[in-house]
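# Secondary and tertiary structure notes
Read off the chains here:
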Amino acid sequence: MRRRTLLAGITGAALSTATPAHARSRRILHVRPGDSLQAAVDAVDGPGRTIVVHPGTYREVVNVPAEKGGLTIRGASRDPRAAVLVYDNANGTPKPDGSGTHGTAGSATFTSAAPGLTVRDLTLANDWLRADHPEITGTQAVAAYVTGDRTHFDHVRLLAHQDTLFADTTALDAFDRQYFHRCYIEGDVDFVFGRGRAVFDACHFHTLQRDVSFTPKGMVFAPATARANPYGFLALRGRITSGAEDAAYKIARPWVPSYETTAWPSLVVRDTWIGSGIDAVTPYTNMREAYPWQTMRFREHANSGPGAAISMPENRPQLTPEEAATHTRRTYLGDWRPYGRP
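### Looking at the packing of aromatic side chains
Summed over all chains, the structure comprises 17 aromatic pairs. Connected via pairs of aromatic rings, a cluster forms that spans Phe 110, Phe 153, Phe 180, Phe 200, Phe 205, Phe 221 and Phe 233. Positioned over the ring face of Tyr 339 is Arg 329, at 4.2 Å from the centre of the ring.

Right, dumping it as structure tokens:
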């Protein structure tokens, strides 16, 4: 019950019910405890609208469709712990209508396909726990599933266990860009994954303790970048910490989905402090032996900390200075600059 206790302790607020949000104007909608964030999303009638979420815990599933472009959803407080959106579906959770299970993407507490979405100063969480559901084998439980070009998360907490953040694209041939700034992301297995072109700038990744006897206990990243996309995941100026024992986790493993076997996963981790929870000797592993990580676009540059120590260079491919100059916020995001000046 760790996740539910954590969330309730942070907010101390009542759970939401499906009542309409209170609209102060057509451009700004306010959501307060007892209101529904989804109702506010449904009420958005044009681009450039803002939804302000007041402190409280909102237990519901929220979907922002593609036609709600240019939307901002932000917490009323600058503390992202104050406003919490949470639900507890998993991949293997049966749908209420009896039509099957939710699947990985369908398990998400928060889903968006809207271009130009901004989310800031909020917590998005999935508090489904394996221990509570031993009968369910599909244990992926997503906090946020985001597609759509120019998606921007700033000062957002993303909490779950397996598959916390699904950073994806709207189509196999789309190179949708995403920018995560000052975010806190925690989980255990593949908890940042997908085929999006995503920049994680000054983000904190935290691996959870996991009650299993084997190692690795999990991986931070599982990119599934399309082969035609020159850029996948870029993590820079951040840190990776752990609640588990030393060397219990890997930085990444490549995900080559069965529906896209031509994927060529790409990950660059640079200028990042890596703690001892990451296995410094063999920081990468395979998801399937048919797609070895050594054949993928995995690179590092100028990292520090005990988990970044290079004892076997063949296990830690590094960018040259010339290559590092091509793996920046600007090259990944192009003419979209949510970070301001380069």
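Once the structure has been displayed, the description carries forward.
### Some remarks on the pattern of salt bridges
One pass over the structure, following the stated rule, counts 18 salt bridges. In this structure, the salt-bridge partner of Asp 45 is Arg 49, at a minimum N-O distance of 2.9 Å. What makes Asp 45 partly exposed here is its relative accessible area of 42%. Residue Asp 154 pairs with Arg 120 through a salt bridge whose shortest N-O separation is 3.8 Å. With Asp 154 in strand E12 (residues 151-154) and Arg 120 in strand E9 (residues 118-120), this residue pair connects regions lying 34 residues apart in the sequence. Put simply, Asp 149, Arg 150, Arg 177 and Asp 335 are held in one network by salt bridges that share partners.

### Thoughts on the layout of surface pockets
Reported here for the second largest pocket is a volume of approximately 180 Å³. Along the wall of the second largest pocket there are 13 residues; nearest its centre are Gln 140, Asp 163, Asp 190, Trp 255 and Met 287. Residue composition of the lining of the second largest pocket, by class: 6 nonpolar, 4 polar and 3 charged.

### Here's the deal with the environment of Gly 277
Within the secondary structure layout, Gly 277 lies in the loop between strand E25 (273-274) and strand E26 (297-301). Once you skip the residues sitting within four places of it in the chain, Gly 277 turns out to touch Ser 242, Glu 245, Asp 246, Ala 247, Ala 248 and Tyr 249.

### Comments concerning the sheet that holds strand E19 (residues 204-207)
The 8 strands are arranged E4-E7-E10-E13-E16-E19-E22-E25 in an open sheet whose pairing can be described as parallel. Strands at the two margins of the open sheet, each flanked by one partner only, are strand E4 (56-59) and E25. Taken together, the 4 bridges between E4 and strand E7 (residues 83-87) define a ladder with parallel strand orientation. Bridging across to E7, Gly 56 finds its partner in Ala 83.

So, how was this worked out
Residues numbered from 1 in each chain as written. Predicted model: local features only at pLDDT ≥ 70, side-chain atom pairs only at ≥ 80, totals over all residues. Heavy atoms only, no water. Phe/Tyr/Trp six-rings, centres within 6.5 Å; stacked < 30°, edge-to-face > 60°. Lys NZ or Arg CZ within 6 Å of the ring centre and 35° of its normal. Salt bridge = Lys/Arg side-chain N within 4 Å of Asp/Glu carboxyl O. Buried < 20%, exposed > 50% of the residue type's maximum accessible area, 1.4 Å probe, protein only. Helix = DSSP H or I, 4+ residues; strand = E, 2+ residues; numbered from the N terminus. 1 Å grid on protein atoms, 1.4 Å probe; cavity = no way out; pocket = protein on both sides within 12 Å on 5 of 7 lines; lining within 4 Å. Points joined across faces, edges and corners; volume = space filled by probe spheres on them. Nonpolar A, V, L, I, M, F, W, Y, C, P; charged D, E, K, R; others polar. Contact = heavy atoms within 4.5 Å. Pairing = 2+ DSSP bridges.

Everything listed is a geometric property; what it means functionally is a separate question.
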